[in-house]
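What follows is the residue order along each chain.
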Amino acid sequence: MLERAAKARTQMSGLEAAAVCMLLVITLVAAAAPYLVPADPVLKIGEPYQPPSLSYLFGTDEIGRDMLARMIYGVRLTWLPSLVIIAVGVSVGTVVGVAGAVAGGVIDLLLARLTDLFIVIPSTMIALAAVAALGPGIWHTVTAMSVFWWPWYARIVRSEVKAVSGRPHAEAARLSGVRGPRLVIRYLLPAALPTVLVTATLDVANVILVLSLFSFLGLGAPAPAPELGAMTARSLASLTTHWWIPILPAVAIFVLVVTANLAGDGLRSLMKAV
Amino acid sequence: MSPNGAPSPVLNVTDLSVTLHRDGRAHAILDRISLTVRRGEIVAMLGESGSGKSTLGLAVMGLLPADAEPEVSGSVAIDGIELVGGDSLRWRTVRRERLGTVFQDPIGSLNPSLRIGAQLSEAIVDGTPPAGWLERVGIPDPESRLQSYPHQLSGGQCQRVMIAMAIAKRPGLIIADEPTTALDVVVQAQILDLLRRLAREDGIAMLFVTHDLAVASALADRIVVMHAGRLVEDGPVDRLAKQPAHPYTVALLGARFGLTADRGRQLPTLATARETADVAAVGCAFAARCPLAIEPCRTTRPPVMPAIHGGSVSCFRSLDVGPDLWAGASSPWPESVQAKSGLLVEMAMVEKMFNSPRRLLAGPARSVHALNKINLRIYRGESVAIVGSSGSGKSTLLRVAAGLLAPDDGDVVYAPGEPPQVIFQDARGSLTPWLSIGEQIGERLRPLRLAKADRDTRVAAALRQVGLDPKIAGARARDLSGGQCQRAALARAIVVPPSLLLCDEAISAMDMTLAAAMLNLIGTLCRSLGMALLFVTHDLAAARFVADRIVVMADGEIVEMGEAEKIVTAPVHPATMALLQAMPDRLARAVA
């Protein structure tokens, strides 16, 4: 009775709603980048080291390329791979987690230990080594990271599904004759969805940072491609003389990470209401 | 209470109104409540779910949920200190120094990461040793218990610790909100006895919130009855129980099923239970449910007037209220469509062990016999109750019978037919939160491969059978009240009638009026659909009312089995006697 009286209202705050909208806009911009950019991001279009002005909104870089165009492509090269990595991670993790939780016994034990194995090995280091061996390139990076990005999701899904399958509503569903994939998809998996979704949005920040790290180390998209981490890394030397060249991409990473985090918080409060 | 002259009031509530907001709408929860609790007096506040009794408790403690934007008017004074309009510091000071609280969920109310001793020491004001307080509340080996964490104690022991913390403050007033509802009957009896004894010894006043009239009369000096946010009756416990002056109180008394309720008919119940706590703007809030209602009842709020039992009542017709007021509200059972013959389920030598978790360095894992060589037969159309205190293995037996749990040894053999269905204690939890009620009921119709329209018709029919509006098919569990959830679960169970319906403490969490209505419904459906019933409960009165046969369990074994009436009138096994002894109406008699 007391609990019912104290039931909290659950809503997204204005800031969180704005972040979710912003993330959608960012995704659209990234997808439509070729049609949006004012100039080719890899071609010289003017004098080098032009500060931001009306003709070049974000200025030009050290060889005279348009910074705005490079930033828009940079978001595309950072944001879309992050989405792919997370989507692969969530999908593989969900399959492994559900398989373990539902099968139980030896299969569960093997899958759980496999998950543990992938968690304990220093995944970033191995991914770095793998990309170094395959040669730099954004899709090599995406592949290498996707291989290591599922175990956390597998763990979350496994424990949520296991917990929920012992609850009365799942038992009632079994007694109603629901079996197999229908039981999993309609009665068990939705319980794991809020946690997975929230973890995924918060995870975006991690993926972006690791991707930027790869680019920073020269293992991401190769040289002329405008990747945000790489842009910051290569132009650090001009920080004191031409601040916009390293700072603007860094700000873009910062905005992406903060927006993704806020949107994650927003989705979490929305999920609680369901 | 001192014999000459009334002692001074500890709690003085005058014209208290509380409005809470939910989803942007204002709900008037309490409407001009006036109530006095004097030093050393135990007052039980009685009412159905949604009557506002918990809100009154919260309002007195200053713990109304802030996100409901409470609007409070009137006055709450503790020891003469006015609290309404006071700042949070004044509330905190009063809560710390003058107010003890005991809640419904004892395990949840203790901090799981602190030892009992540390938590108790915080409450002690006079430097007395904490072990002494544990001893007073009847916890054995208090010195070593101080080192325990809450999870190492049983629910009953946790509640004793909460009580120790409440009295160690040496408060003037204890507010207890349903403190025994979550406990089994035997433990409930001990806790009630403890509360009464301590309040008497220390002269503490107590406001005891409950929906259980038997509990109220076992404990209190005075009963106040709440209905729809108003106090409708207030009187001394024994005289009020004999001569209730408000028709609602008579209804509460009637809905209470003791060991002598007439099994041949349904329990008398109120026509419609209120689902919301909104109070009627004008007139008497009970008028819509009252058989005595006259014109002024609908237009004028009845004033507080003296009642025949020496207390007060708010009713224009109180002089016409008699004990047989609701006699017409009890209907006969429908004809049973299934003859009580033919073996349905046979459990033979069923065993189930549970391993208690192995602790590091604590020796080998221990196994507990949850079920020990159980032999039980259930016949078609028959109704069997399984009774026992918590830990007796009765729920495990039900889960094995339902096929939710595989026995370690022995056989469970079913006659062919629709497999059994279960009604769980946690009705809301037994409904999937993200699916609509209709989808979940329809799930059982899937094997029939009906067209969608036919399926919807069957779902609507099932909902109507359990007394719900078919529109509920589109709702989710969170939109329903607890009673509606239990009915929806019942609709799912009977949309294709099973040969056996299993109920696991299905009414334990309900208040008396809801429980009576539920028992009537289960009894009616079993008879009209020809289902056998296995009813697991700790309440012998409910068992006797609903069942033909009662099976008593203790420590994983069946210790007594027989005709229902015989088990309650002439018990043989000590476990049965202990259950009978713990029934609150027995306690009431012992006090009187």
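Residues numbered from 1 in each chain as written. Chains lettered and ligands numbered in written order. Predicted model: local features only at pLDDT ≥ 70, side-chain atom pairs only at ≥ 80, totals over all residues.

**Focus: the overall build of chain A**
Let me state the cut-off plainly: Strands are runs of DSSP state E lasting at least two residues, helices are runs of H or I lasting at least four, and both sets are numbered from the N terminus onward. Partly exposed residues are those whose C-beta has more than 12 but fewer than 20 other C-beta atoms within 10 Å; with 20 or more the residue is buried, with 12 or fewer it is exposed, and the C-beta atoms are placed from the backbone. The contact criterion used is a C-beta to C-beta distance within 7 Å, with each C-beta placed from the backbone.
Helices and strands together make up the secondary structure of chain A, namely 12 helices and 0 strands. When the helices and strands of chain A are placed in sequence order, the string is α-α-α-α-α-α-α-α-α-α-α-α. When its C-alpha atoms are laid out on the principal axes, chain A stretches across 75 × 50 × 30 Å. The proportion of buried residues among the 274 residues of chain A is 42%. Within chain A, counting contacts between residues at least 6 apart in sequence, those at least 24 apart form 69% of the total.

**Quick look at the nonpolar core**
For clarity, the threshold we go by: In this usage, the nonpolar core is the set of buried Ala, Val, Leu, Ile, Met, Phe, Trp, Tyr and Cys residues whose C-beta atoms join them within 7 Å.
Counting residues in hydrophobic clusters, the biggest one holds 252 residues, and the most contacted among them are B:F208, B:A385 and B:L534. If we skip the residues at most four places from it in the chain, B:F208 touches B:I42, B:V43, B:A44, B:M45, B:A176, B:L219 and B:A220.

**A closer look at the pairing of strand β2 (residues 25–38) of chain B**
Look at any regular strand and the pattern is simple: side chains alternate between the two faces of the sheet. All names here are of chain B. Here is the rule we go by: Each pair of strands is called paired provided DSSP finds at least two bridges between the two strands.
Alignment of strand β1 (residues 9–22) against β2, held across 10 bridges, turns out to be antiparallel. Its bridge partner lying in β2, L11 is registered against V37. Between the end of β1 and the start of β2, which pair antiparallel, lie 2 residues, with D23 showing a positive phi angle near 50 degrees.

**So, the domain arrangement of chain B**
Residue and element names in this part refer to chain B. Just so we agree on the cut-off: In this entry, domain limits derive from an automatic or database-based domain assignment. Residue classes follow a fixed rule: Ala, Val, Leu, Ile, Met, Phe, Trp, Tyr, Cys and Pro count as nonpolar, while Asp, Glu, Lys and Arg count as charged, and any other residue, Gly among them, counts as polar.
The domain architecture assigned to chain B consists of domain 1 (9–256), domain 2 (337–357 + 366–420 + 501–512 + 530–592) and domain 3 (427–497). In this structure, domain 1 and domain 2 have C-alpha centres spaced 33 Å apart. Breaking the side of domain 1 that touches domain 2 down by element, the ones donating at least two residues are α8 (185–202), α9 (213–219) and α11 (247–255). Residues that form the side of domain 1 that touches domain 2 fall into these classes: 10 nonpolar, 4 polar and 5 charged.

**Focus on α11(B)**
Counting buried residues along α11(B), 8 of its 9 residues qualify, which places the element largely inside the surrounding structure. Buried residues belonging to α11(B) abut β3 (42–46), α9, β9 (222–227), β10 (230–236) and α17 (512–529) of chain B.

**Some remarks on the confidence of the model for chain B**
Residues and elements named next belong to chain B. For clarity, the threshold we go by: Think of pLDDT as the predictor's per-residue confidence, scored from 0 to 100.
The share of residues in chain B with pLDDT of 70 or more is 93%, and the mean pLDDT across the chain is 86. Taken together, the stretch residues 273–279 has pLDDT below 50 and engages in 24 contacts with residues farther than four places along the chain or on a different chain. The complex prediction reports pTM at 0.78, with the ipTM value standing at 0.75.

**Looking at the pairing of β3(B)**
Residues and elements named next belong to chain B. Here β3 lies mainly inside the structure; 5 of its 5 residues are buried. Burial along β3 is two-sided: the face carrying I42, A44 and L46 and the face carrying V43 and M45 are both buried. With 5 bridges connecting them, β3 and strand β8 (residues 205–210) associate as parallel partners. Opposite I42, over in β8, you have M206 as the bridge partner.

**What to know about the interface of chain A and chain B**
At the interface, 20 residues of chain A touch 25 residues of chain B. Counting residues per element, the ones that place at least two in the side of chain A that touches chain B are α1 (2–5), α9 (168–175) and α10 (180–216) of chain A. Ranked by the residues each element gives to the side of chain A that touches chain B, the list is headed by α9(A), at 6 residues. The class makeup of the residues in the side of chain A that touches chain B is 13 nonpolar, 3 polar and 4 charged.

**A look at helix α4 (residues 116–123) of chain B**
Residues and elements named next belong to chain B. For the record, the criterion: The directions considered for the arc are those from the helix axis to the C-beta atoms.
Looking only at α4, the buried set comprises I116, L120 and A123. End-on, the buried residues of α4 take up no more than an arc of 50 degrees, which puts them together on one face. The inward-facing, buried residues of α4 contact α5 (130–136), α6 (142–145) and α7 (155–168).

**Side note on the sheet that holds strand β18 (residues 500–504) of chain B**
Sheet strands associate in pairs through backbone hydrogen bonding, adopting either a parallel or an antiparallel arrangement. All names here are of chain B. Heads up, the rule is: Interaxial angles span 0 to 180 degrees and are taken between N-to-C directions of axes, which are lines fitted to C-alpha atoms, for helices over the stretch in contact.
If you walk across this open sheet you meet the 6 strands as β17-β18-β19-β15-β20-β21, and the pairing is mixed. Of all the strands in the sheet, just β17 (421–423) and β21 (557–563) have a single pairing partner and so form its edges. Neighbouring strand axes in the sheet, compared pairwise and without regard to direction, differ in orientation by 20 degrees on average.

**Some words on the packing of α9(A) against α10(A)**
All names here are of chain A. Inclusion rule: Any angle that falls under 35 degrees is termed roughly parallel, while one over 145 is termed roughly antiparallel, one within 65 to 115 roughly perpendicular, and all others oblique. Note: crossing handedness is left-handed where the near helix turns anticlockwise from the far helix by less than a right angle, and right-handed where it turns clockwise.
Remark: α9 packs on α10, axes separated minimally by 10 Å, with the N-to-C direction vectors making an angle of 155 degrees. Classified by the angle between their axes, α9 and α10 sit roughly antiparallel to one another. Between α9 and α10 lies a crossing of right-handed hand. Across from A170, A173 and R174 in α9, the residues of α10 making contact are L183, Y187 and L188. Its residues placed into classes, the contact of α9 with α10 shows 5 nonpolar, no polar and 1 charged.

**A word on the environment of A:M271**
Residues and elements named next belong to chain A. As for its position among the elements, M271 is in helix α12 (residues 244–273). M271 gets classed as partly exposed once you count the C-beta atoms within 10 Å, which come to 14. Considering only alpha carbons, one finds M271 and T195, 76 residues apart in sequence, at a separation of 8.7 Å. Dropping the residues within four chain positions of it, M271 is found in contact with P194, L197 and V198.

**Topic: the sheet that holds β9(B)**
All names here are of chain B. Strand order in the open sheet made by the 8 strands is β6-β7-β8-β3-β9-β10-β12-β11, with mixed pairing throughout. Lying at the two open borders of the sheet, with one neighbouring strand each, are β6 (99–102) and β11 (305–306). As judged from the 6 bridges shared by β9 and β10, these two strands associate in the antiparallel manner. Within the sheet, the bridge partner assigned to I223 lies in β10 and is G235. Relative to β6, α7 is tilted by about 170 degrees, and along the sheet it contacts β6 and β7 (173–177).

**Concerning unusual backbone geometry**
We note that A:Y49 has phi near 55 degrees; this positive angle belongs to a residue other than glycine. Along the chain, the position of A:Y49 falls in the loop between α3 (33–36) and α4 (67–103). Its 16 C-beta neighbours within 10 Å are what place A:Y49 among the partly exposed residues. One non-glycine residue, B:R170, lies in positive phi territory at about 50 degrees. On the neighbour-count criterion, B:R170 (15 C-beta atoms within 10 Å) is partly exposed.

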